[in-house]
Amino acid sequence: MNAFTHIHQVWEALERIPRFKDSGANAVHYALTGIEQLCDLVGNPQNELNGIHIAGTNGKGTTAHLLEHIYCEAGYSVGLFTSPHLMRYNERVRVGKEEIPDEDIINYFNLINPLLEEQSVTFFEISTGLAFWYFRQKNVDIAVIETGLGGRLDSTNIITPLCSIITSIGYDHQDVLGHTLENIAYEKAGIIKNSIPVVIGNIPDQVKPVIRRKAKDVGSRVWDCSELNPAFHHGRVHLTDGRQWNTTFIEPVNAWNVTCAVQCVALLNRAFPVEEQQLNTAIETCPPFHARFEKLTVDRDWYFTGAHNEQALAATLEAVQRVEEGRTPILIFTLMNDKLTPEVAACLRQFPVRWFLESDSPRALTNDELGNWVEADTFTERMVLEKLDDLTPELVIFAGSFYFYSTVRRWIGEIQP
């Protein structure tokens, strides 16, 4: 059994493991046995964490980052686990807003080497175990944990948190989670634990009974953010109880994410007090999050959004209306082949100018597949690069997949002096 001595050996080991990016559901163990085996090998660190567990079709990453920012502002040591990474693997695991160092990743991989050699754990299970292990190593006060896929059988679901959050329910990953909103809600509600409060955000009324039934079965109280009627006006979030915050957000849907975070903080305030001024400062100074309708450069109105399902693309369209100022937005997008649905196609068709880029991922949508649903100009990467300089004054939206982000960032690096 060879030990890991350099981070490049870790990257090589990870490259040999199927990833959701390339293999889709085939790269997922939608079960808890693998993560349980892995965590047992490193001493079950998940049992020692004060966790906040977040599921949802959209918004869970933003809510997780908000909670990190709030609790850091209040002086706590905060661990954050999110996925996927955008530029480098270390992004997935942070403590105090700092990415996990390479040397700690190496140490962890040496601990789990027996399972790697057996090839019995997935990419996401390895990443989840790394987060749990590192958060215990750093003795964090609070661990904010974002689910990867669904909830009930997601690898993160071996923790018993202090609070559970379900940010939204919409259509996505139907091949794993089911083909109705009720099926999807049932899977997300699987993160609700015995007597642990659950906060729900932008949830369709038709599926709230699914969540409430699960909560009742395990003796948990549901806190419904719709009772606060979150509203958004030019970056300002308003609640019906009179609270309001000026934020850096552009997408109105973030009113729900702010409300989810605020409600969670209120529920945990006895164990982890946050002063009102600390909460307000954190919300109002929280920087925009990467790949969530992120403005990419100072001198261009170019934005990136990882939106890849109907609910997220609808939010993107609403945000575009707020920044277009009479201009015609240009959509430059790529998609995975399991993401194109009639509803997604309808959202894409609302952009008057559409450029489609075929990704080299095995799961990527092809031009032929797209052509059955949406008319778009198809470009190679080189063709896009040649045209980007001409688009400097235009409103450009890059979208379709978080996996597209590193490509777009590289493009911008190549065209900027």
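As a convention, each chain's residues are numbered from 1 in the sequence order in which they are written. Restriction of local features to residues with pLDDT of at least 70 applies here, the model being predicted, together with a cutoff of 80 or more for giving and counting side-chain atom pairs; totals for whole chains, interfaces and linings are based on all residues. Computation of side-chain values: all heavy atoms of the structure, hydrogens and water removed.

A.B. asks: Sorry if this is basic, but what is going on with helix α7 (residues 123-137) here?
C.D. replies: Given 3.6 residues per turn, any residue in an α-helix points the same way as the ones three and four places further on. Under the DSSP-based scheme used, a helix requires at least four consecutive residues in state H or I and a strand at least two consecutive residues in state E, with every element numbered from the N terminus. In a helix, the anticipated span is given by 1.5 Å times the number of residues less one. Here α7 is 15 residues long and its end C-alpha atoms lie 21 Å apart, about the 21 Å a rise of 1.5 Å per residue gives. Note on exposure labels: buried denotes an accessible area under 20% of the residue type's maximum, exposed denotes more than 50%, and partly exposed covers the range between, all computed with a 1.4 Å probe on protein chains only. Of all 15 residues making up α7, 13 are buried, and the element is well covered by its neighbours. Directly beyond the C-terminal end of α7, a positive phi value near 50° is found at Asn 139.

A.B. asks: Sorry if this is basic, but what is going on with the pattern of salt bridges here?
C.D. replies: Once the charged atoms of two side chains with opposite charge are near each other, the side chains can pair. Counted as salt bridges are all cases of a side-chain nitrogen of Lys or Arg within 4 Å of a carboxyl oxygen of Asp or Glu. The tally for this structure, following the rule as stated, stands at 17 salt bridges. For the salt bridge of Arg 136 with Glu 48, the shortest nitrogen-to-oxygen distance reads 3.4 Å. Linking Arg 136 in helix α7 with Glu 48 in the loop between α3 (33-41) and β1 (51-55), this pair joins segments that are 88 residues apart in sequence. The class for Arg 136 is partly exposed, based on a relative accessible area of 23%.

A.B. asks: Which parts of the structure should I look at to understand unusual backbone geometry?
C.D. replies: Negative phi values dominate among residues other than glycine, just as trans dominates among peptide bonds. For the bond from Ser 83 to Pro 84, the omega torsion is -5°, close enough to zero to count as cis. As for its position among the elements, Pro 84 is in the loop between β2 (78-81) and β3 (93-95). Located in the positive-phi region is Asn 139, a residue other than glycine, with phi close to 50°. Mapping Asn 139 onto the fold places it in the loop between α7 and β5 (142-146). For Asn 139, a relative accessible area of 61% corresponds to the exposed category.

A.B. asks: How do you make sense of the sheet that holds strand β14 (residues 330-333) when you look at a structure like this?
C.D. replies: The pairing of strands in a sheet comes from backbone hydrogen bonds and takes either a parallel or an antiparallel form. Strand pairing is defined by DSSP finding a minimum of two bridges between the two strands. In space, the six strands of this open sheet follow the order β12-β13-β17-β14-β15-β16, with mixed pairing throughout. Of all strands in the sheet, those bounded by a partner on one side alone are β12 (294-295) and β16 (377-379). By the bridge criterion, three bridges tie strand β15 (residues 353-357) to β16 in an arrangement that is parallel. In the sheet register, Phe 356 faces β16, and the bridge partner there is Thr 378.

Everything listed here is a matter of coordinates, which is why it stays silent on function.
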